[in-house]
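Here's the letter readout for the chains.
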Amino acid sequence: MSATTPNSPQLASLPIREDASPTRILQPSGWPMPKGYANGVAAEGRIVVTGGVIGWDAEERLADGFVAQVRQALSNIAAILAEGGARPEHLVRLTWYVVDMDEYLANLKSLGRIYREIFGAHYPAMALVQVVRLVEKAARVEIEATAVIPR
């Protein structure tokens, strides 16, 4: 399926899961396919939104190191989504805040493995922002998530 408006690029609308939802990945015609994220997502349904989630456990103990904090933060997001009745395939957006972009880039393979372990091969629209620091001084990453549960 594609849509065109005057003086704009043709947009391809790719189904994420034809059997489960009307959610669509938005991939403009001629653009390279992104790896590990989507350029855009269109969805209809009930919205589930998290706050900024960091890599600590239920006792507010931060995991040791960047990769371990990412694993815990993503696990925390999965738990919040489940509490709201959402599953990983309902994710439409993740915004990552990291205190060290080089630390993120140096760990891409590990992060990809962890992401797939927790969320599978579903890649929503994502943004990555380097920040000076997070509220918890020892936190290395904070992630916000938005999911849409189909009607």
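Trainee: Could you clarify how one ought to interpret the overall build of the protein in this entry?
Mentor: Counting secondary structure elements, the protein contains 3 helices and 9 strands. Along its sequence from the N terminus, the protein presents helices and strands in the succession β-β-β-β-β-β-α-β-α-α-β-β. In the protein, the proportion of contacts linking residues at least 24 apart, taken out of those at least 6 apart, comes to 67%. On the protein, roughly 8700 Å² of surface is accessible, and the fraction owed to carbon and sulfur atoms is 52%.

Trainee: It is not clear to me how the packing of aromatic side chains should be interpreted in this structure. Could you clarify?
Mentor: The full count for this structure, using the stated rule, is 3 aromatic pairs. Arranged with centres 5.7 Å apart and planes meeting at 75 degrees, the rings of Trp96 and Tyr104 form a pair that is edge-to-face. Judged by relative accessible area, Trp96 falls into the buried class, the value being 5%. Between Tyr115 and Phe119 the ring centres are 5.2 Å apart and the planes differ by 75 degrees, which places this aromatic pair in the edge-to-face class. Taken together, the positions of Tyr115 and Phe119, both in helix α3 (residues 108-119) and 4 residues apart, correspond to about one turn of that helix.

Trainee: Explanation requested: the environment of Val92 in the structure shown.
Mentor: Within the secondary structure layout, Val92 lies in strand β7 (residues 91-98). Note: C-alpha distance between Val92 and Ala43 (49 residues apart in sequence) is 7.7 Å. With near-sequence residues (within four places) excluded, Val92 lies in contact with Thr23, Val41, Ala43, Pro124, Ala125, Thr146, Ala147 and Val148.

Trainee: I tried to follow unusual backbone geometry on my own but got confused; where do I start?
Mentor: Generally, phi is negative for residues other than glycine and the peptide bonds are trans, each holding for most cases. Positive phi outside glycine occurs at Glu60, with the angle close to 60 degrees. On the secondary structure map, Glu60 appears in the loop between β6 (53-54) and α1 (66-83).

Trainee: I would appreciate a short explanation of α3 in the present structure.
Mentor: Note that an α-helix has 3.6 residues per turn; residues three or four places apart therefore point the same way. If you check α3, its first and last C-alpha atoms are 16 Å apart, about what 12 residues at 1.5 Å a residue would give, namely 16 Å. Looking at the buried residues of α3, the elements they touch are α1, β7, α2 (101-106) and β8 (125-130). Positive phi shows up at Gly120, right after α3, with a value of about 75 degrees.

Definitions and cut-offs
- Residues numbered from 1 in each chain as written.
- Predicted model: local features only at pLDDT ≥ 70, side-chain atom pairs only at ≥ 80, totals over all residues.
- Heavy atoms only, no water.
- Helix = DSSP H or I, 4+ residues; strand = E, 2+ residues; numbered from the N terminus.
- Contact = heavy atoms within 4.5 Å.
- Areas by Shrake-Rupley, 256 points an atom, 1.4 Å probe, with all protein chains shown as cover.
- Phe/Tyr/Trp six-rings, centres within 6.5 Å; stacked < 30°, edge-to-face > 60°.
- Buried < 20%, exposed > 50% of the residue type's maximum accessible area, 1.4 Å probe, protein only.
- Expected span 1.5 Å × (residues − 1).

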